[in-house]
Amino acid sequence: MTGPERTRGASGAVVRDWLDEVWGRTEAAVVLEGGDDGGPLAERGLVGEVFDAEDLAELRTLTTTGEFADGICRCYGGVTIALLDAEGEFIGSGSVHGLTDVSWERRRFRNNMKVADPERLIAFLERLGIRMR
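Chemist: Explain the overall build of the chain residue by residue, including any values.
Modeler: Within the chain one finds five helices and seven strands. When the elements of the chain are put in sequence order from the N terminus, they spell out α-α-β-β-α-β-β-β-β-α-β-α. Against the compact-globule benchmark of 14 Å for 133 residues, the chain has a radius of gyration of 14 Å, which places it among compact chains. Dimensions along the principal axes, computed over C-alpha positions, put the chain at roughly 45 × 30 × 30 Å. Expressed as a percentage of its 133 residues, the buried residues of the chain come to 44%. Within the chain, contacts between residues at least 6 apart in sequence are counted, and of these 64% link residues at least 24 apart. Summed over all atoms, the accessible surface of the chain reaches about 7,300 Å², with 48% contributed by carbon and sulfur. Across the chain, the mean location of the 16 positive side-chain charges is 8 Å away from that of the 24 negative side-chain charges.

See below:
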C-alpha cells in the first residue's frame, strides 16, 4: 500500500472491540521496560506487576477509557503494559506515550488513545514503583 492507505489506522470501534475481547481474558498485567521499540516482550525488564482483580479493573479503566487520535505520535513510548492470560501467555500490549496516551498494538492498529484520566494513570503506574515524571 502507498499513500494514505498505508498510514491509516484502525477505527476506534475496531480497537475497542479488540480491547473488550483481550481484557476479558486478562488474568494479570505486567509493565515492561521500553515502548514500541523495546524488542520482544519476553526479553524486556520487568518494572511492575498487577495481579489483584481490583487493580486490574482499575488499570483496564485507565487504559481503555478515552478518545482515539486516529493516528499515532512519533515517539515509541516509555513503558509497555502487557496483558497475560490464565496460562501466563502475552495476549496484548500497549505502550504509554508521554503522560497522556496509550498505543495498543501500535503496529497493528496505528491509533493512539488519549486516556480520559492521564493523571490517575500516571499515579497508578507510580504506585507500582514506575517513575513516570
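Chemist: Provide a residue-level description of the nonpolar core, including the pertinent values.
Modeler: Counting 29 residues, the largest nonpolar core has Trp23, Leu59, Leu83 and Leu125 as its most contacted members. Among the secondary structure elements, those contributing two or more residues to this core are α2 (12–24), β1 (28–33), α3 (53–64), β4 (79–84), β5 (90–97), β6 (101–104), β7 (113–115) and α5 (118–127). With five residues, the single largest contributor to this core is α2. Apart from residues no more than four positions distant in its own chain, Leu83 is found in contact with Val22, Trp23, Thr26, Ala28, Ala29, Glu89, Phe90, Ile91, Gly92 and Trp104.

Chemist: Outline the side chain of His97, listing residues and values.
Modeler: Its place among the elements puts His97 in strand β5. Separated by 3.5 Å, the side chain of His97 and the backbone oxygen of Cys75 make a polar contact.

Chemist: An account of the sheet that holds strand β2 (residues 46–50) is needed here, citing residue identities and associated values.
Modeler: Taken together, seven strands build an open sheet; the order of strands is β2-β1-β4-β5-β6-β7-β3 and the sheet is antiparallel. Taken across any chain shown, the strands that pair with only one partner, and hence form the sheet edges, are β2 and β3 (66–68). With direction set aside, neighbouring strand axes in the sheet form an average angle of 25°. By the bridge criterion, four bridges tie β5 to β6 in an arrangement that is antiparallel. In the sheet register, Val96 faces β6, and the bridge partner there is Val102. This element, α3, spans β1, β2, β3, β4, β6 and β7 of the sheet and lies at about 120° to β7. Set on the sheet, α5 makes contact with β1, β2, β5, β6 and β7; between it and β7 the angle comes to about 85°.

Chemist: Lay out the environment of Gly92 with the relevant residues and their values.
Modeler: Counting through the fold element by element, Gly92 comes out in strand β5. Residue Gly92 is classed as buried on the basis of its relative accessible area of 4%. Spatially, the C-alpha atom of Gly92 lies 12 Å from that of Val15, the residues being 77 residues apart in sequence. Excluding anything up to four places from it in sequence, Gly92 contacts Trp18, Val22, Ile81, Ala82, Leu83 and Glu105.

Chemist: Tell me about the layout of surface pockets, residues and numbers included.
Modeler: Estimates place the volume of the largest pocket at around 160 Å³. Along the wall of the largest pocket there are 13 residues; nearest its centre are Asp36, Ser93, Glu105, Arg106 and Arg107. Counting residues per element, the ones that place at least two in the lining of the largest pocket are β5 and α4 (106–109). Of the residues in the lining of the largest pocket, the class split is one nonpolar, six polar and six charged.

Reading guide: rules and limits
Residues numbered from 1 in each chain as written. Predicted model: local features only at pLDDT ≥ 70, side-chain atom pairs only at ≥ 80, totals over all residues. Heavy atoms only, no water. Helix = DSSP H or I, 4+ residues; strand = E, 2+ residues; numbered from the N terminus. Rg over C-alpha atoms; globule rule 2.2 N^0.38 Å. Buried < 20%, exposed > 50% of the residue type's maximum accessible area, 1.4 Å probe, protein only. Contact = heavy atoms within 4.5 Å. Areas by Shrake-Rupley, 256 points an atom, 1.4 Å probe, with all protein chains shown as cover. Lys, Arg positive; Asp, Glu negative; His and termini not counted. Charge placed at Lys NZ, Arg CZ, Asp CG, Glu CD. Core = buried A, V, L, I, M, F, W, Y, C linked by side-chain atoms within 4.5 Å. Polar contact = N/O pair within 3.5 Å; in protein donor to acceptor, adjacent residues only side chain to side chain. Pairing = 2+ DSSP bridges. Axes fitted to C-alpha atoms, helices over the stretch in contact; angles between N-to-C directions. 1 Å grid on protein atoms, 1.4 Å probe; cavity = no way out; pocket = protein on both sides within 12 Å on 5 of 7 lines; lining within 4 Å. Points joined across faces, edges and corners; volume = space filled by probe spheres on them. Nonpolar A, V, L, I, M, F, W, Y, C, P; charged D, E, K, R; others polar.

Such coordinate-based values are descriptive only and should not be taken to indicate function.
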